[in-house]
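# What the coordinates show
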Amino acid sequence: MTTTTFTETTRERAREIIARYPADRSRSALLPLLHLVQAEEGYVSPAGVAFCAEVLGLNKAQVGAVATFYTMYKRKPTGDYLVSVCTNTMCDVLGGQQVYETLAEHLGVGHDETTADGKITLEHAECLAACDYGPVMTVNYDFFDGVDPSTAVGVVDELRAGGRPMPTRGARLCTLKEMAVQLAGFADERDGAVADGGPGEATLRGLRLAQQHGVSVPGFDPNTPIRSKAEADKAAAEAKAEAEAAKPAPAEASAAPVKGGDGASAPTGAAGIAEPAKPAEATGSTTRDVKAPDDKSPQVRTAETRQPDASTAVPDAPGTKVPTETPGTAPAAGDAQAAEAAGVAANPVAGDGKPAGDEAGSQQRNLKDAKAGTDADGAEPADASETGAQK
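Summarised in this report is the structure supplied together with it. (Residues numbered from 1 in each chain as written. Predicted model: local features only at pLDDT ≥ 70, side-chain atom pairs only at ≥ 80, totals over all residues. Heavy atoms only, no water.)

## Notes on a nonpolar patch on the surface
Short version of the rule: The residues that make up patches have over 30% relative accessible area and no salt bridge, and they are joined within 9 Å when like-charged or within 5 Å when they are Val, Leu, Ile, Met, Phe, Trp or Tyr. For the accessible areas, the method is Shrake-Rupley and the probe is 1.4 Å, while residue cover comes only from the protein chains on display. Salt bridge, as applied in this entry: a Lys or Arg side-chain nitrogen positioned within 4 Å of an Asp or Glu carboxyl oxygen. Secondary structure counts use DSSP, requiring at least four H or I residues in a row for a helix and at least two E residues in a row for a strand, with both numbered from the N terminus.
On the surface, a cluster of nonpolar side chains totalling about 330 Å² of accessible area is made up of Leu31, Phe69 and Tyr70. You can see Phe69 is positioned in the loop between helix H4 (60-67) and strand S1 (81-86).

## Some points on the packing of helix H3 (residues 46-56) against H4
To describe two helices that pack against each other, one gives the angle between their axes and the distance between the axes. How we decide: For helices, the fitted axis covers only the stretch in contact; all axes are lines through C-alpha atoms, and the angles between them, taken along N-to-C directions, range from 0 to 180 degrees. The scheme is simple: roughly parallel for angles under 35 degrees, roughly antiparallel for over 145, roughly perpendicular for 65 to 115, oblique for anything else. Handedness of a helix crossing follows the sense of rotation of the near helix relative to the far helix, less than a right angle counterclockwise being left-handed and clockwise being right-handed. Contacts: residue pairs with any heavy atoms within 4.5 Å of one another.
Relative to each other, H3 and H4 sit at 120°, their axes nearing to 9 Å. Between H3 and H4, the angle is such that the two are oblique. You can see that H3 and H4 cross each other, and the crossing is right-handed. Side by side, H3 and H4 meet where Val49, Ala50, Cys52 and Ala53 of the first sit next to Lys60, Val63 and Gly64 of the second.

## A short note on the pairing of strand S3 (residues 120-125)
Going by this rule: Only protein chains enter the accessibility calculation, which uses a 1.4 Å probe; a residue is then buried when its area is under 20% of its type maximum, exposed when over 50%, and partly exposed in between. Strand pairing requires that DSSP identify at least two bridges connecting the strands.
For S3, a buried count of five out of six residues is recorded, marking the element as mostly surrounded by other parts of the structure. Inspection of the sheet shows S1 paired to S3 by six bridges, in the parallel sense. Bridge pairing in S3 places Tyr81 opposite Ile120. Both strand S2 (residues 113-114) and S3 contribute to a ladder of two bridges, which runs antiparallel. Among the inter-strand pairings, Glu113 is bridged to a residue of S3, identified as Leu122. If you look at the hairpin formed by S2 and S3, you'll find five residues sitting between the two strands, and Gly118 has a positive phi there, around 75°.

## Let's talk about H4
One full turn of an α-helix is made of 3.6 residues, so residues set three or four places apart face in the same direction. The line we're drawing: Read the arc as the range of directions from the helix axis to the C-beta atoms. Counting of polar contacts relies on pairs of N or O atoms within 3.5 Å, with two restrictions inside protein: one atom must be capable of donating a hydrogen and the other of accepting it, and residues adjacent in sequence are counted only when both atoms are side-chain atoms.
If you check which residues of H4 are buried, you get Val63, Gly64 and Ala67. The arc that holds the buried residues of H4, viewed along the axis, is 100°, so those residues lie on one side. Looking at the buried side of H4, the elements it contacts are helix H2 (30-41) and H3. Near the N-terminus of H4, the side chain that reaches the backbone nitrogen of Ala61, with its oxygen 3.2 Å away, is that of Asn59.

## Focus on H3
Listed in full, the buried residues belonging to H3 are Ala47, Gly48, Val49, Phe51, Cys52, Ala53 and Leu56. Those residues of H3 hidden inside the fold are in contact with helix H1 (8-18), H2 and H4. One or two steps after H3, the chain reaches Gly57, where phi turns positive at roughly 70°.

## Here we look at the nonpolar core
Note the following rule: Among buried residues, the Ala, Val, Leu, Ile, Met, Phe, Trp, Tyr and Cys ones that are joined through side-chain atoms within 4.5 Å form a nonpolar core.
Grouped together as the largest cluster of nonpolar side chains are 26 residues, with contacts concentrated most on Leu33, Leu34 and Val63. Secondary-structure elements contributing two or more residues to this core are H1, H2, H3, H4 and helix H8 (176-183). The contacts of Val63, once residues within four sequence positions are left out, are Leu30, Leu34, Val49, Cys52, Ala53 and Leu58. Judged by nonpolar contacts, the second largest core, of 21 residues, contains Tyr100, Leu103, Met137 and Val155.

## Topic: the state of the cysteines
For clarity, the cut-off: For this text, the term disulfide refers to a pair of cysteine sulfurs within 2.5 Å.
If you walk through the whole model with that rule in mind, you get zero disulfides. In this structure Cys91 is a free cysteine whose sulfur lies 3.6 Å from that of Cys86, the closest cysteine sulfur available. Among the cysteines around Cys131, which has no disulfide bond, Cys127 carries the closest sulfur, lying 4.9 Å off.

## Some remarks on the packing of H2 against H4
For clarity, the threshold we go by: Each residue gets one of three labels, nonpolar for Ala, Val, Leu, Ile, Met, Phe, Trp, Tyr, Cys and Pro, charged for Asp, Glu, Lys and Arg, and polar for the others, Gly among them.
Where H2 contacts H4, the axes come no closer than 11 Å and their chain directions differ by 80°. Taken as axis vectors, H2 and H4 run roughly perpendicular relative to one another. Taken together, the residues of H4 that come into contact with H2 (itself represented by Leu30, Leu31 and Leu34) are Val63, Val66 and Ala67. Of the residues in the contact of H2 with H4, the class split is six nonpolar, no polar and no charged.

## As for the packing of aromatic side chains
Quick reminder of the rule: Aromatic rings from Phe, Tyr and Trp, taking only the six-membered ring of Trp, are treated as a pair when their centres fall within 6.5 Å; an angle between ring planes under 30 degrees marks them as stacked, one over 60 as edge-to-face, and anything in between as tilted. In this scheme, Lys NZ or Arg CZ marks a charge over a ring once it lies within 6 Å of the ring centre and within 35 degrees of the ring normal.
A full pass over the atoms with the stated rule returns three aromatic pairs. Ring centres 4.9 Å apart and planes at 85° place the aromatic pair Phe69 and Tyr70 in the edge-to-face group. In this structure Phe69 comes out as exposed when scored by relative accessible area, which is 62%. Aromatic side chains Tyr70 and Tyr73 sit 6.2 Å apart centroid to centroid with 85° between the ring planes, which places their arrangement in the edge-to-face category. Overall, Tyr73 belongs to the buried group, its relative accessible area being 6%. Ring pairs connect the aromatic residues Phe69, Tyr70 and Tyr73, which therefore count as one cluster. Its guanidinium or amino end placed over the ring of Phe186, Arg13 lies 5.1 Å from that ring's centre, counting from NZ or CZ.

Right under this line is the structure:
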């Protein structure tokens, strides 16, 4: 059983994260908090789940549901360096699967497994959003572009030897725990942490072509100065004043009496303006009032529309039909199977798959038992159905 006691630094950072959100929306801090506990332990442990639940006033099931949904939250101890190789379509065509298989054989681990020295955790990724640099792999989410089996092996060997190879794009490499601190919303304070890196040539290719062919947004002037906030507020106030001045003046109230629906003059107030009409008198209907739909959740409203309760449903409520039961009209034992067979025949499956539902043999046995019960005790079809269900 995990009994990790989180440091005071982690608890202080947790309070700082929660303070970023409104008091009644503190549960929105869960994502960065999960990164925070991962920064201390290297993964989201049961103790980390309990810690997040404690500081946010949630239960552990709610926290665990989020932690298991996102792949960036690791549920078991992870190495210092998470090596992710893209094996999706584009990178796969360019050799990504070969890179992954070479690394797996070289490191002696499979997907989501960690080397014995605790340095490297290997995983294959569905897409790393860098198709124009494929095949790609990332180390703690920093990119190594255009890799092949040889260069990939060189990167992991350097990591295991204590080095930190420079990514193709982005900042200098850091450990997974250091990266988790940044994902929790805190700056990387290492010397030169953001001093290197830059956009890749493939990313800049569109800009280069636009410059080469003189393509630009119509009317765009790159030298247009950016207004300060005070200047922008002043311009907005002037535009609002102009819009107000351009509005037509309101028409003056007429002193002539306003005619009612029957041709008679409607009662007027002191200023000669017609008073609002009084609400219509009750019609004397005995139909119960129906609550506004917004008083109920959509799920409840839908359920009541499909199968309302005869004891509470309003007979003339829109979209409802009160079910009635007539003695002796219970469905026969084989009606359900016949209805299912008719539905399957009318909706053939698109392929070789078996239609969803109970196995036909089981249905036949149930019906046989039901009929046998009818023959034995002379029960009605409805009773026979119940007898078969009991058996």
